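Here are the chains, one letter per residue:
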Amino acid sequence: MKSYAICDCDNFFASCERVFAPSLHDKPVVILSNNDGCIIARSSEAKALGIAMGTPLYQIKDFLEKNDVAVFSSNYTLYGDMSRRVMSLLSKYSPVFWQYSIDEMFLDLTGIASGNDLLSYCKSLRKTVTQGTGIPITIGIAPTKTLAKAASKFGKKYKGFKGVCMIDDETKRIKALKMLNVSDVWGIGRRTNKKLDYFGIKTAWDFTQKSEKWIQKEFTVTGLKTWKELQGVDCINVDELPEKKSICTSRSFADQGLADLSQIEEALTNFTAECSRKLRSQHSCCKMLTVFAYTSRFRDDVPQASIYKTIELPVPSNDRQELTGYVMKTLRAEWKAGTYLYKKAGIIVWEMTPDNAIQSDLLDTVDRDKQAALAKTIDAINLKNGQDAVHLAIQGHDKSWFLKCEHKSKQFTTNLKDIIHVK
DNA sequence: TCTGGGGTCCTAGGACCC
DNA sequence: TCTGGGGTCCTAGGACCC
């Protein structure tokens, strides 16, 4: 039998902020999305106040003030760095691990220990992470990943588990399934839950009592995988080091949005720069590229428009200048006459190939070696002097379209000038 | 007035071919 | 002009995750 552990940071973004603001230890904390738009993370105290995920800030601004809630703009540099510290500690506890998200990691603990020994192993792991980083975590252990996720739900909900919950025999499995709402099962979302509700399926246990055939018919292969995993059959496999199949860089624009082509051009050029950097960092080139821009779906008082155009590159690339050229050409070709307030835009790249295996085109006139050398040099300069110290002219420098973030904490861990002073 | 960003996987349906 | 079915490939969009 397999043993998987899911290690999940508690209220990750809020916990990161609290590491550097200890006075907020028992206080409600919320984190805002880009543009300070809506709530994307909450401390347990904030959850207890009934603040829902995704609530627009303007709707609850007064409520936050009244309840003395600490408010932060998102600081992804800080969260990314804290995540790296946590993941590095976790990965020392098993040769087989898989980082599932910024704040979660699966460990394959098969054969490392079992029963009470496995429990102690994970308790010591939890202590190491909390002491080493200041971030509290919860660990769920079970023979399948879906059951491990369920175990971590219980670990978070019931304090008696002290952050480590294990489902390792039939009695515990059945008990857990009967206590678990089917909507809380990993892989069951809102829509599926609605359908399940219609069939009178309330708990994970109810779900597992249906026949395999029926599940397959109503919920396709995805539902069937979840069904099997809940029975204890390990069938969700993951790559240990997954290469991304697509990379997306997109943003919403502040306030009403942007109307001018030149502003969207500037924004998209910056997104392209970021996207090409992500491509180069995983040593990939992309063959396909999508450019998109939308007006706000929440507004019916202004005209709506959307641009969504995919192109195929003659030769796969990860070069900023070259990709920018394609993006500009596509945007200008798709630009719609009339005045529209674009609220969001971005680019997606996919169909990746390794950057050392590019099949060049006979008609390709670009000197690929020269291009790669230039990109490498610019990346090195920017690493040393700050992102986009060297940039394309069209990227602009006033960044008028750029993000609103009025409550941002400092880069405590990644910028020397923001380091904490000890008196 | 203000409402996130970045992923994966699956399927329905259109285009095309025989 | 009428008449059919089956296969593949592609893509937009849905559903889910954090």
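Summary of the structure given here. Residue numbers run consecutively from 1 along every chain, following the written order of its sequence. Starting at A for chains and at 1 for ligands, labels are handed out in the order in which the entities are written. Only residues with pLDDT of at least 70 are given local features in this predicted model, and only at 80 or more are side-chain atom pairs given and counted; all residues enter the totals for whole chains, interfaces and linings. Working from all heavy atoms in the structure, the side-chain values ignore hydrogens and water.

1. Brief notes about the protein's contact with DNA strand C
Phase 1 of the analysis: By nearness alone, 13 residues border DNA strand C, and D103, E104, G187, R191 and T192 come closest of all.
Phase 2 of the analysis: Within 4 Å of the protein, atoms of DNA strand C come from sugar and phosphate in 100% of cases.
Phase 3 of the analysis: A distance of 3.2 Å is found between a phosphate oxygen of DNA strand C and a backbone nitrogen or oxygen belonging to G189.
Phase 4 of the analysis: Polar contact is defined as a pair of N or O atoms within 3.5 Å, subject to the rule that within protein one atom must be able to donate a hydrogen and the other to accept it, and that residues adjacent in sequence are counted only when both atoms are side-chain atoms. The separation between a phosphate oxygen of DNA strand C and a polar main-chain atom of R190 is 3.4 Å.
Phase 5 of the analysis: Only DSSP runs of H or I covering at least 4 residues are called helices, and only runs of E covering at least 2 are called strands; the numbering of each starts at the N terminus. The biggest single contributor to the surface near DNA strand C is helix α8 (residues 190-198), with three residues.
Phase 6 of the analysis: Amino acids are sorted into nonpolar (Ala, Val, Leu, Ile, Met, Phe, Trp, Tyr, Cys and Pro), charged (Asp, Glu, Lys and Arg) and polar (every other residue, Gly among them). Its residues assigned to classes, the surface near DNA strand C shows four nonpolar, four polar and five charged. Here a residue counts as near a molecule or strand whenever at least one of its heavy atoms sits within 4 Å of it.

2. Some points on the protein's contact with DNA strand B
Phase 1 of the analysis: Close to DNA strand B lie 25 residues; S33, C248, S250, S252 and K343 are nearest.
Phase 2 of the analysis: A share of 72% of the atoms of DNA strand B within 4 Å of the protein falls on sugar and phosphate groups.
Phase 3 of the analysis: Within the backbone of S250, an N or O atom sits 2.6 Å from a phosphate oxygen of DNA strand B.
Phase 4 of the analysis: Listing elements by their share of the surface near DNA strand B, those giving two or more residues are α10 (212-231), β9 (246-252) and β12 (342-354).
Phase 5 of the analysis: At seven residues, β9 tops the list of elements feeding residues into the surface near DNA strand B.

3. Focus on the pattern of salt bridges
Phase 1 of the analysis: The rule for a salt bridge is simple: a side-chain nitrogen of Lys or Arg has to be within 4 Å of a carboxyl oxygen of Asp or Glu. Within the structure shown, the criterion is met by 19 salt bridges.
Phase 2 of the analysis: With a shortest N-O distance of 2.4 Å, K149 and E104 are connected by a salt bridge. In this pair, K149 sits in helix α6 (residues 145-157) while E104 sits in strand β6 (residues 104-108), placing the two residues 45 residues apart along the sequence. As far as burial versus exposure is concerned, K149 and E104 are alike and both buried.
Phase 3 of the analysis: One salt bridge in this structure joins K195 and E218, with 3.4 Å as the shortest N-O distance. Highlighted residues: K195 in helix α8 and E218 in helix α10, separated in sequence by 23 residues.
Phase 4 of the analysis: Taken together, the salt bridges that share partners define one network made up of D8, D10 and K156. A 1.4 Å probe rolled over the protein chains alone gives each residue an accessible area, and that area as a share of the maximum for its type sets the label: buried under 20%, exposed over 50%, partly exposed in between.

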